[in-house]
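Inside the fold
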Amino acid sequence: MRRGVALTATALLGLAVLSGCSSDDASSASSSSAAPSPTPTPAPVVWADGVCAARDNLNAAVSALGRNLSYDVTSDRSALEQIDRQLRIQVLSVANAAGEVQTAVAAVPVDFQAANDLVVVVDKARTDTTEAVDQVKASLDAMVNAENIVTGVAEAGKALVAGKAAFVAGQALVSSVTDAASTANDEVRAAFDAAPGCQADAS
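About the criteria used
- Residues numbered from 1 in each chain as written.
- Predicted model: local features only at pLDDT ≥ 70, side-chain atom pairs only at ≥ 80, totals over all residues.
- Heavy atoms only, no water.
- Helix = DSSP H or I, 4+ residues; strand = E, 2+ residues; numbered from the N terminus.
- Buried < 20%, exposed > 50% of the residue type's maximum accessible area, 1.4 Å probe, protein only.
- Contact = heavy atoms within 4.5 Å.
- Arc of directions from axis to C-beta.
- Polar contact = N/O pair within 3.5 Å; in protein donor to acceptor, adjacent residues only side chain to side chain.
- Disulfide = S-S within 2.5 Å.

**Section: the environment of V110**
- Tracing the sequence through the fold places V110 in the loop between α3 (77–106) and α4 (116–144).
- Residue V110 is classed as exposed on the basis of its relative accessible area of 82%.
- The sequence separation of V110 and A43 amounts to 67 residues, and the corresponding C-alpha distance is 9.8 Å.

**What about the side chain of S176?**
- One can find S176 in helix α5 (residues 149–182).
- Once you skip the residues sitting within four places of it in the chain, S176 turns out to touch V122 and A125.

**Some points on helix α6 (residues 186–194)**
- Within α6 the residues assigned to the buried category are V188, A191 and F192. When α6 is viewed along its axis, its buried side chains cluster within an angular range of 95° and face the same direction. In α6, the exposed positions that point more than 90 degrees away from the buried face belong to D186, E187 and D193.
- Taking the backbone nitrogen of E187 as reference, a side-chain oxygen 3.2 Å away marks N185 as the first, capping residue of α6.

**Comments concerning the state of the cysteines**
- Taken as a whole and judged by the stated rule, the model has 1 disulfide.
- Covalent S-S linkage joins C52 and C198, the inter-sulfur distance amounting to 1.9 Å. Residues C52 and C198 share a disulfide whose torsion about the S-S bond is about 110°; that sign makes it right-handed. Separated by 146 residues along the polypeptide, C52 in helix α2 (residues 43–64) and C198 in the loop between α6 and α7 (199–202) bring together distant segments of the chain. One exposure class covers both C52 and C198, and it is buried.

**Thoughts on the environment of V177**
- One can find V177 in helix α5.
- Here V177 falls in the buried class, since its relative accessible area comes to 2%.
- As a C-alpha pair, V177 and V105 span 72 residues in sequence and 9.0 Å in three-dimensional space.
- Leave out the neighbours within four places in its chain, and V177 touches V51, R55, V101 and V122.

Following this line, the structure appears as structure tokens:
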């Protein structure tokens, strides 16, 4: 009987030791596997990333402006209506993207005064783009509301010319963001260099 009790006590003692080691190991593993808190992205970098994303969207919209517009505007009103549908959609896309650029640029952190010059330069280019888009829409409105095909064709020609001007203005806005960032002061350039969405500019 005494031998049986001794064996049982020894077994329990061994189990307690193993349990203690297991608990310590789990605690150690848990503390060592706890990942450090990620460092927050600086506000200027977040801002620059948003600006580059908006600029890239604008570039895509500008690149699409004027595509598939090889129509014979002297034929009939159906050609004019087709120009109106496609060109209007395209210029509205440019207008929306230009607005997104303005919103992104204007969201500059309040304590990041180093970016003030960039904001002014980009806003001027955005105004030029908006004015060019408005001229396209005005010509399209006049085209679809023309009393006869001759007047409609004349307005269609004006709309296409205005569309080319909007394309040029949109390209200038895209370039103004990139150029203003690359020629800005060290603080602004550092923010754009660190922004993931702006990395294509450096390649």
